[in-house]
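Reading the structure
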Amino acid sequence: MSEPLEYTALLDQTEKDDQVYTNVGYGSRGDSASICQTADYSLTLDELLYRIQYAFLNKGYDVEADVRQVLQDCDESDIDTLLQGLNSYPLTIQQKLAVSRLLHKEGNLKIRYKRGKDQNVYKRKDADKVFTVVTLWEDTIKKISAYFGSNVASYFQFVRTLLYINILMMLLLVGFIIVPELIEGNFQTNVTYGGHFGELSNSFMFYGLYTEDLGLTYNLPLAYFLTWLAANLVCFIYIITIMIVRYHRSKLSDDRGNEYKFAWRTFCSWDYSVTSRQGVMDYRTSLRTDIKEMVREEKSTAKVDSCTKFTNYMGRILSNVIVLGLLVGSGFLIYEVAENRDLLKDLPEPLDDYVRKYQLTAVVAGLKFLVPPIFEQLVRLEGWHPRIETKLTLARTTVFYIASLMIFVTSLYEVTDDCSANSTMVADMTHNESCCWENEVGEEVFKVILVDLGILFAVGILFHLHRALWVKCTCKMIGYSKFDVVSSVLDVVYGQCLVWLGLYFSPVLAAVSVVKLLIVFYFRYFIAKVAMVPPQQLFRASSTGNFYLAILLMNLFISLFPMAYGVIEFIPSVDCGPFSGYDRPYRVISELVGELPNWLEDALTYLGTPAVFVPVLILMIMLVVYFKVKSSSYKRLIMELRRQLKFERKVEKRKIFATGRAMSGGALSRYTSQESLVTPGTRHRKLSQQTETTIIEEEQDF
Amino acid sequence: MGNRASMQLQQEEIHDIQNETGFSHNQIVRLYSRFTSLDKNNNGFLSREDFLRIPELAINPLGDRIVHSFFLESNDETVNFKQFMRVLARFRPTKTNVNKNKLNTREEKLKFAFQMYDLDGDDRISREELLAVLHMMVGDNISEEQLNSIADRTITEADEDGDFMISFLEFKKVMDRVDVEQKMSIRFLN
C-alpha cells in the first residue's frame with residue numbers, strides 16, 4: 001500500500017469532514033504506538049502521554065491544546081485510552097475536568113456513534129451527499145406495521161403519497177395565483193357576494209375575488225388557467241411515474257398457467273414487518289384462518305348442487321337489481337335536491353336557512369355514509385367466494401362514489417343558467433343582478449369536504465372508541481372494530497376526487513387538502529392504535545402497491561370530464577373572477593396566441609384544426625395496435641420457450657434412464673443420475689426406489 | 001464501556017468488504033457499530049444468543065431460521081464481522097445496470113430464502129422440512145391433517161422432477177413471479 005500518497009489524500013479528507021469517524025483505523029494499526037500526524041506539527045499519543053505524565057513538573061503546560069491537537073487525527077481507541085487513564089494522570093483537577101470535557105465533546109460523536117443509537121433520527125453530513133433524504137412518518141408507519149401488518153401500513157403509505165401530490169399542487173397554486181393576487185390585487189369592494197361562508201366567501205379562497213387587471217406585469221387570468229392545467233398535469237405525471245417505477249420492479253411474466261397458490265402461501269406468507277408480540281399472535285391467527293380456508297376450498301371443489309346454484313343466481317340477480325336501484329336513486333336524489341331549493345317548507349326561520357344551505361351537502365355526505373355498508377351486506381346474498389366478494393364490493397363502491405360525485409358536480413353546474421336561484425346573487429345598486437356561479441360551486445364542494453372530515457371524526461369517536469370501551473369494560477364478545485383497509489382507501493380517494501373537482505373554483509383547496517390529509521393520518525393512527533385490531537382476512541390488494549394508485553388515476557381521469565365540461569361549456573360570470581371579460585376561459589390562450597408573431601400564430605391555429613388533429617389521432621391508434629401485437633407475439637415466444645425447456649428436461653431424463661438400464665440393473669438404484677441437470681455446487685443424492693419408478697412411469701407416457 | 005482497542009475496524013478491512021459486498025464506506029461503519037453493540041461480551045464475533053437477543057427476531061416464529069442462515073456462511077458457531085456483512089449484503093437493493101459479481105443478485109436472495117427452509121442443508125426441501133416450517137409459522141390449533149395436505153399440495157405444485165422434494169431450481173421457478181428484488185431489499189442508511 002502506498003502510504004504517503006494515501007496519507008495526504010486522507011488528511012485532506014479529514015480536514016473537510018467534521019465527523020472524524022472516517023479516520024477509523026488510520027494511524028494506529030493495532031499497536032499502542034499510534035502515529036497521528038498533523039500537517040505541520042507531529043504529536044503522537046505516546047508523546048502526549050509522556051508529557052502528561054511529567055506535567056507536574058511543567059507549570060504552564062497547556063494540556064488542552066495538546067489534547068486538541070492529538071484529537072484531530074486519532075480514533076476512538078485513543079480517546080478511550082486517554083479517558084480511562086485520566087484519573088491517574090498527575091494533572092490538576094481543573095485540567096482533568098477540561099480534558100475530560102474536551103474529550104467528551106469532541107470525541108463524543110465517535111463514541112456515541114459506536115454505541116449504535118436509533119438510525120432514523122440521524123442526519124449526517126457526508127462528504128459526497130448534500131442532502132439526506134428524510135421520509136416523512138417513517139417510524140410511525142413502522143410502529144403501525146409492527147402490530148397491524150403491511151396491509152394496513154400500505155394504507156398509511158398511500159395517504160403519505162397523496163400528501164406529497166397535494167403539496168406539489170399547493171406549491172404551484174399558491175406560488176402562481178394566490179401570492180400574486182394577495183400582493184398586487186385591488187380587491188373589489190363594491191360588490192360583496194353573500195355566500196355561505198360569510199366573510200370568507202369574498203376572500204382569496206374562492207374564485208370570485210381574483211380580478212382581471214392586476215398591474216401590468218402579471219397576467220392573472222392566463223396564470224390562473226395555466227396553473228390549474230399544470231396542477232392537473234403534475235398530478236397525472238407524478239402518479240404515472242410512481243406506477244411505472246413500481247411496475248418495473250415487479251417481474252410480470254404473464255403466464256397464467258403457473259399459479260403456485262400453495263407454494264406461495266407456504267413460502268411467502270409471513271409478514272416480516274410485524275414486530276410486536278401481540279401483532280405476531282394476531283397475524284398467526286389470521287394466517288391460520290387463511291390456511292384452513294384454503295384447505296377447505298381445495299376439498300370442496302365443484303360440489304355445488306343445483307339447489308344452491310339456484311339460490312345463488314336468484315340472490316345475484318336480486319342484489320344487482322338493488323344495487324342498480326340504489327345508484328339510480330341516489331343520483332336522482334342528489335339532482336333533485338340541488339335543483340330544488342325549497343324542499344322542506346314551513347320551517348321556522350333560522351332552521352330554514354340552515355336547511356337551505358346544507359341540504360345538498362347533507363344529502364351527498366349522508367349517501368356516502370349509508371350506501372356502501374348496504375353494498376357490503378348485499379353481497380352476502382350472492383354466495384361468492386370471500387375474495388370475490390371483497391373485490392365486487394370494492395368495484396361497486398367505487399362506481400357509486402364516482403357516480404355520486406359526477407352527478408353532484410353536474411347538478412351544481414345547473415345553477416349557471418339561472419342567476420336568480422343563485423344564493424350568491426346580490427342586487428347591485430345599478431339594479432343589475434350580479435351573481436358568481438363559480439363561487440357557488442366552489443363553496444358547495446368545500447362544504448362537502450368539511451362535512452366529510454366531520455363524519456370521519458364522528459364515526460371514529462362515536463363508533464369505534466365507544467365500541468372499544470364497551471368491549472373493554474363489559475367484556476362482551478362483540479370484539480373490537482377491525483381496520484378496514486379498502487374502505488379507508490376509498491374514503492381518502494373520494495376526498496381527493498372532490499379536491500380535484502373543486503380546484504378550478506377555489507384554488508385554496510389544495511392547501512385545505514394538505515391539512516385534511518395530515519389530520520386524517522394522525523386521527524386514523526390514533527384510533528387504530530387505541531381502538532382497533534388488524535383485519536381477519538388476509539386480503540392483499542396488490543403485490544406492488546399499484547392497486548390504490550390505479551384507482552386514484554382512474555378517479556383523476558374520470559373527474560377530468562366534469563372539469564373540462566365546466567370550463568368549455570359555461571360562460572364565466574360577468575362580474576367576478578379573472579375571466580369576467582371573456583367568452584370562455586380558454587380564450588385567454590387564444591389571446592396569448594394572438595399576441596405572438598404572425599407565423600407562429602398561423603402555425604398554432606393550423607395545429608388546432610382537424611387537418612392536423614385527425615392524422616395525429618390515427619397515428620397514435622396505430623402505435624397502440626403495433627405495440628399490442630408485439631407484446632402478444634412476445635408472450636407466445638415465451639410460452640414456446642418454456643415448452644422447449646420442459647421438453648429438454650424430459651429428453652435428458654430419458655437418455656439417462658436408457659444408459660442406466662443399459663448398465664446392470666442393480667446399479668440403477670445407486671446411480672447418482674441427473675448430473676447434467678444439476679447446477680454446479682449442489683450435492684448429489686441418491687434416487688430412491690419410489691422416485692425411480694415414478695420417473696419410469698412418466699417416461700413411458702412420453 | 002470497556003476497551004475497544006482490539007476491535008477497531010481497519011481500513012483494509014473496510015476496502016475488502018466494500019469490494020466484496022458493495023456497501024459504501026458509511027454503511028460499513030454504521031453496521032460495524034451495530035455489530036459491536038450486539039456483541040455484548042466484546043468477543044469480536046457473534047453467537048446465536050447474541051442474535052436472539054434482538055427482540056424483533058426473538059418474537060418472529062421464523063427467527064431461528066433467519067439466525068441459522070447467518071451461521072451457514074461461517075460453518076461455525078460464531079459469526080465474525082466479515083461474514084456478517086456478507087450475509088447482509090444479500091439484502092442490498094438490486095440495481096439492474098450494475099456488474100453482477102455482487103452478492104445481492106436475485107439468485108443470491110432466493111438462495112438465502114431457500115436456505116431458511118432447508119433445515120438439514122442438503123439443498124432439497126423435503127416434506128418434513130416443510131411441515132416443520134409450517135408448524136413454526138402457524139403454531140398450534142390447526143390439525144395435522146390440514147398441515148399435511150398443505151405440505152403435499154405445495155410439493156405437488158412445485159416439484160417437477162418427481163423426487164417429492166423441492167430443489168433450488170424448482171424453488172426459483174416457483175418464485176418467478178414474486179417480486180423478490182423489492183421484497184428482500186433493505187435500504188441501509190438511505
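Residues numbered from 1 in each chain as written. Chains lettered and ligands numbered in written order. Predicted model: local features only at pLDDT ≥ 70, side-chain atom pairs only at ≥ 80, totals over all residues. Heavy atoms only, no water.

1. Overview of the overall build of chain B
Each helix and strand in chain B was counted, giving eleven helices and four strands. A total of 190 residues make up chain B; the buried ones form 56% of that total. Total accessible area on chain B is roughly 8300 Å²; 50% of this is exposed by carbon and sulfur atoms. (Helix = DSSP H or I, 4+ residues; strand = E, 2+ residues; numbered from the N terminus. Buried < 20%, exposed > 50% of the residue type's maximum accessible area, 1.4 Å probe, protein only. Areas by Shrake-Rupley, 256 points an atom, 1.4 Å probe, with all protein chains shown as cover.)

2. Side note on the confidence of the model for chain B
All names here are of chain B. For chain B, per-residue confidence averages 83 on the pLDDT scale, and 92% of positions sit at 70 or higher. Here residues 1-7 scores under 50 on pLDDT; set against residues more than four positions off or in separate chains, the count is 16 contacts. In the predicted assembly, ipTM is 0.85 and pTM is 0.70. (pLDDT = per-residue confidence, 0-100. Contact = heavy atoms within 4.5 Å.)

3. Structural notes on a nonpolar patch on the surface
Residues and elements named next belong to chain A. The grouping of F613, V614, I618, L619, M622, L623, Y626 and F627 at the surface amounts to a nonpolar patch, some 820 Å² of accessible area in total. Counting through the fold element by element, M622 comes out in helix α20 (residues 610-662). For M622, a relative accessible area of 52% corresponds to the exposed category. (Patch = residues over 30% accessible without salt bridge, like charges linked within 9 Å, V, L, I, M, F, W, Y side chains within 5 Å. Salt bridge = Lys/Arg side-chain N within 4 Å of Asp/Glu carboxyl O.)

4. Considering unusual backbone geometry
Residue and element names in this part refer to chain B. The phi dihedral of N42 falls on the positive side, at around 55°, and the residue is not glycine. Its location among the elements puts N42 in the loop between α2 (25-38) and β1 (45-46). One non-glycine residue, F164, adopts positive backbone phi at about 60°. The residue F164 is located in the loop between α9 (144-158) and β4 (166-167) in this model. F164 sits in the partly exposed class, given a relative accessible area of 44%.

5. Describing the pattern of salt bridges
If the charged atoms of two oppositely charged side chains come close together, the side chains can form a pair. All names here are of chain A. Within the structure shown, the criterion is met by 26 salt bridges over all chains. Across the pair E640 and R643 runs a salt bridge, and its minimum N-O distance is 2.9 Å. Taken together, the residues span about one helical turn, with E640 and R643 both in helix α20 at a distance of three residues. Note on R643: relative accessible area 55%, which makes it exposed.

6. A short note on helix α7 (residues 106-117) of chain B
It helps to recall that an α-helix has 3.6 residues per turn; residues three or four apart then point in one direction. With twelve residues, α7(B) should reach 16 Å at 1.5 Å per residue; the first-to-last C-alpha distance of 17 Å fits that figure. Those residues of α7(B) not exposed but buried are B:R106, B:K109, B:L110, B:F112, B:A113, B:F114, B:M116 and B:Y117. (Expected span 1.5 Å × (residues − 1).)

7. Quick look at the packing of helix α15 (residues 485-502) of chain A against helix α16 (residues 509-531) of chain A
All names here are of chain A. Orientation of α15 relative to α16, taken along the N-to-C sense of each, is 170°, at an axis distance of 10 Å. Between α15 and α16, the angle falls in the class roughly antiparallel. Judged by the sense of rotation from one axis to the other, the crossing of α15 with α16 is right-handed. On the side of α15, the interface is formed by S488, D491, V492, G495, Q496, V499 and G502, while α16 contributes L509, S513, K516, V520 and R524. Of the residues in the contact of α15 with α16, the class split is four nonpolar, five polar and three charged. (Axes fitted to C-alpha atoms, helices over the stretch in contact; angles between N-to-C directions. Parallel < 35°, antiparallel > 145°, perpendicular 65-115°, else oblique. Left-handed = near helix turned anticlockwise from the far one by under 90°. Nonpolar A, V, L, I, M, F, W, Y, C, P; charged D, E, K, R; others polar.)

8. Some words on the side chain of A:S559
All names here are of chain A. The topology assignment puts S559 in helix α17 (residues 546-569). Overall, the relative accessible area of 0% leaves S559 in the buried class. There is a polar contact of 3.1 Å between the side chain of S559 and the backbone oxygen of L556. (Polar contact = N/O pair within 3.5 Å; in protein donor to acceptor, adjacent residues only side chain to side chain.)

9. Regarding the packing of helix α13 (residues 386-413) of chain A against helix α14 (residues 437-474) of chain A
Residues and elements named next belong to chain A. At a closest axis distance of 10 Å, the pairing of α13 and α14 adopts a crossing angle of 155°. The pairing of α13 with α14 is recorded here as roughly antiparallel in orientation. Note on packing geometry: the crossing formed by α13 with α14 is right-handed. Counted together, F408, L412 and Y413 of α13 and W437, V441, E444, V445 and V448 of α14 form the full contact between these two elements. A class-by-class count of the residues in the contact of α13 with α14 yields seven nonpolar, no polar and one charged.

10. A look at the confidence of the model for chain A
Note that predicted coordinates carrying low pLDDT should not be read in detail. Residues and elements named next belong to chain A. Mean pLDDT over chain A stands at 74; residues scoring 70 or higher make up 72%. Ignoring residues within four places in sequence, the model shows residues 1-40, a span with pLDDT below 50, making 56 contacts including any to other chains. The low-confidence segment residues 427-432 (pLDDT under 50) makes three contacts with residues lying over four places distant or belonging to another chain.

11. So, the environment of A:T398
Residues and elements named next belong to chain A. Inspection of the secondary structure assignment puts T398 in helix α13. Exposure remark for T398: the relative accessible area of 8% places this residue in the buried category. Sequence separation between T398 and L490 is 92 residues; the distance between their C-alpha atoms is 7.2 Å. Apart from residues no more than four positions distant in its own chain, T398 is found in contact with L490, I551 and M554.

12. Points about the environment of A:E293
All names here are of chain A. Mapped onto the secondary structure, E293 falls in helix α10 (residues 277-299). You can call E293 buried: its relative accessible area is 17%. If we skip the residues at most four places from it in the chain, E293 touches H385, R387 and Q537.

13. Quick word on the packing of aromatic side chains
This model, assessed by the stated rule, comprises 37 aromatic pairs over all chains. Seen from their ring centres, A:F267 and B:F171 are 5.0 Å apart, and the 85° between their planes marks the pair as edge-to-face. Here A:F267 is found in helix α9 (residues 261-268), whereas its partner B:F171 is found in helix α10 (residues 168-174) on a different chain. Both residues of the pair, A:F267 and B:F171, belong to the buried class. An aromatic cluster is present here, built from A:W137, A:Y147, A:F148, A:Y155, A:F156, A:F483, A:F521 and A:Y522 joined pairwise through their rings. The ring of B:F71 carries the charged tip of B:R48 above its face, separated from the ring centre by 4.5 Å. Above the face of the B:F168 ring, B:K111 is positioned so that its terminal group lies 4.5 Å from the ring centre. (Phe/Tyr/Trp six-rings, centres within 6.5 Å; stacked < 30°, edge-to-face > 60°. Lys NZ or Arg CZ within 6 Å of the ring centre and 35° of its normal.)

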